[in-house]
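Per-entry structural report
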Amino acid sequence: MTRALPAVWHPFTQLQAFEPLGEVVRAEGAWLHLSDGRRVLDGIASWWVNLHGHAHPRLVAALTNQAAAFDQVILADFTHAPAAQLSAALAAVLPGDLQHLFFSDDGSTAVEVAIKMAWQAQRLTDPGRHRLVAFDGSYHGDTVGALSVGEKGPYTGHFDGLRLPVDFLPWDDADAAATFFRTHGHEVVAVIVEPMVQCAGGMRMAPPSFLAAVAQAAKAAGALLIADEVAVGFGRTGRLWGCDHADVVPDLLCVSKGLTGGLLPLGITAARPPVYEAFLGADKRSAFLHGHSYTGNPIACAVAVENLVVMRDERTVERLAAMASVYAAWTPPPGVHHVRWLGSLFAFDLVDPDPGYHNPIGRRFQAAALRHGLYVRPLGPVVYLMPPAVVTDDELRWALQILHDVAIEIAPSRTA
Ligand SMILES: *Cc1c(COP(=O)(O)O)cnc(C)c1O
């Protein structure tokens, strides 16, 4: 008998022999409840979006209240309070004078918007520039523009022919960046960087001095700096923004994942006044002619407004920062390499040196951890945690103990 193939086309998944890990029927706090009665700790905050915990009552209330008031309305010709309030509230906490906020749908579109904004702003003011610059190991999303500024790899190989031309610089090499910008800086439209941590690229951390050096080199050359805070924003690294670690104010900043606390998709690209002002003019041709059907969705905006209030009331950034002290107390078992953490991010490598994303050890690790009640999704051989803030220190220590035990359980010598 041939097995019916699933109608749901799951992301990043070869479906030929696919079985889901389970069926979620309820999600509350840090826990996912499955149809067979199991409950599993959401160790990666459902792909890094869930900031506080699932089903936060205040966010759920903001969602239902706004849905009852009015749902999607066009933002091209009208304004509405949720978009206006969110713009003001977010601008008030973004670094420096990032105060002009453009709405889109997710992290990839926030990055697309930043690339197009940077490109058009330079076209309008300094049209000789033509280079986009990014870093080895980066990930900025899966749409074609966003994947072009990301590292080439097995996930993107089919699309090499679609890539925009991009110059890649080595990660965490301030001298290489300075040298490149001394030679080519006057040709650079923009450089895009994940502040402090390349998350999807394997939780690769760099010191604040690297981010500061990149920002300095770009500024001196008149190139725009795009900070992709989609993963690290909203306190994930123990500071509200990754840029805060180096006191950097980028020209453009992208947010999405934590923006609504994990309830609804929403992306925002924030711009400094010089970028915004480049688009002003007497006719429409200099305007930013870009938009999405659901631009500024009122329900998502209302949830994002409440998210910022909840973050303040519950001291979310402090909570995420405090996870580091629990991580620091972990004793790695033999066979675990490069243990690292920053705020709520914790990671280690199962294999040294890193043999790449398709190493199957991560999948074995996932299956074993799930049997203990912990959901993780290793990036190849890189195991990491990025839990919601609601997780308790005891739950964190329990999760770390599972990581410890599973690392021993699945060590290559046992399974060879
Ligand atoms: C997840 C991610 C994106 C893409 O966001 P989507 O919402 O998945 O489109 C972009 N940049 C970074 C740094 C990310 O982690």
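Throughout what follows, the structure given in this document is the object of discussion. None of these values were measured; they are calculated from a predicted model. (Residues numbered from 1 in each chain as written. Predicted model: local features only at pLDDT ≥ 70, side-chain atom pairs only at ≥ 80, totals over all residues. Heavy atoms only, no water.)

Regarding the overall build of the chain
Condition: The helix count covers DSSP runs of H or I at least four residues long, the strand count covers runs of E at least two residues long, and both are numbered beginning at the N terminus. Only protein chains enter the area calculation, which uses a 1.4 Å probe; residues under 20% of their type maximum are buried, those over 50% are exposed, and those in between are partly exposed. By definition, residues are in contact when any of their heavy atoms lie within 4.5 Å. All accessibility values rest on the Shrake-Rupley procedure with a 1.4 Å probe; residue burial counts only the protein chains present in the view. In this tally, Asp and Glu contribute negative charge and Lys and Arg positive charge; neither His nor the terminal groups of the chain are included. The atoms used to mark charge sites are NZ of Lys, CZ of Arg, CG of Asp and CD of Glu.
Within the chain, the secondary structure is distributed over 13 helices and 16 strands. Oriented by its inertia axes, the alpha-carbon framework of the chain measures out at about 65 × 55 × 50 Å. Put simply, the chain has 416 residues, and 53% of those count as buried. Considering only contacts within the chain whose residues lie at least 6 apart along the sequence, 71% involve residues at least 24 apart. Carbon together with sulfur atoms contributes 57% to the accessible area of the chain, which is approximately 18700 Å² in total. Of the side-chain charges in the chain, 30 are positive and 41 negative, and the distance between the mean point of each set is 2 Å.

Comments concerning a nonpolar patch on the surface
Filter applied, for reference: Exposure above 30% relative accessible area and no salt bridge define the residues that can form patches, which grow by joining like charges within 9 Å and nonpolar side chains of Val, Leu, Ile, Met, Phe, Trp and Tyr within 5 Å. In what follows, salt bridge is the name for a side-chain nitrogen of Lys or Arg lying within 4 Å of a carboxyl oxygen of Asp or Glu.
Taken together, the side chains of Phe12, Trp47, Tyr139 and Tyr155 present a nonpolar region at the surface, about 370 Å² in accessible area. In this fold, phenylalanine 12 is placed in the segment before strand E1 (24-28).

Considerations on the sheet that holds strand E7 (residues 188-193)
The test is simple: By definition, two strands form a pair when at least two bridges between them are found by DSSP. Axis geometry follows a simple rule: fit a line to the C-alpha atoms, using only the stretch in contact for helices, then measure angles between N-to-C directions, giving values from 0 to 180 degrees.
The mixed open sheet is built from seven strands, whose spatial order is E4-E12-E11-E10-E7-E5-E6. With one partner strand each, in any of the chains shown, strand E4 (100-104) and strand E6 (167-169) form the two edges of the open sheet. Geometrically, the sheet is characterised by an average inter-axis angle of 20° between neighbouring strands, direction not taken into account. The sheet contact formed by strand E10 (residues 224-228) and strand E11 (residues 252-255) spans three bridges and is parallel. Bridge pairing in E11 places aspartate 228 opposite cysteine 254.

Brief notes about the pairing of E7
When you tally the buried positions in E7, you get six out of six residues, the bulk of the element. In this structure, strand E5 (residues 131-135) lies alongside E7, joined through three bridges in parallel fashion. Residue pairing in the sheet places leucine 132 in a bridge with alanine 190 of E7. Where E7 meets E10, four bridges bridge the pair, whose relative direction is parallel. In the strand pairing of E10, valine 193 is matched with alanine 227.

Let's talk about the pattern of salt bridges
Side-chain pairing between opposite charges can occur once the charged atoms of the two side chains come close. What the rule picks out here adds up to 17 salt bridges. Residue glutamate 187 pairs with arginine 131 through a salt bridge whose shortest N-O separation is 2.6 Å. Residue glutamate 187 is located in the loop between helix H6 (174-184) and E7, and its partner arginine 131 is located in strand E5; the two are separated by 56 residues in the primary sequence. Relative accessible area serves as the criterion here: at 19%, glutamate 187 is assigned to the buried category. A relative accessible area of 19% means that arginine 131 is categorised as buried. Note that arginine 163 and aspartate 160 form a salt bridge whose closest N and O atoms lie 3.5 Å from each other. The class of arginine 163 is buried, set by a relative accessible area of 13%.

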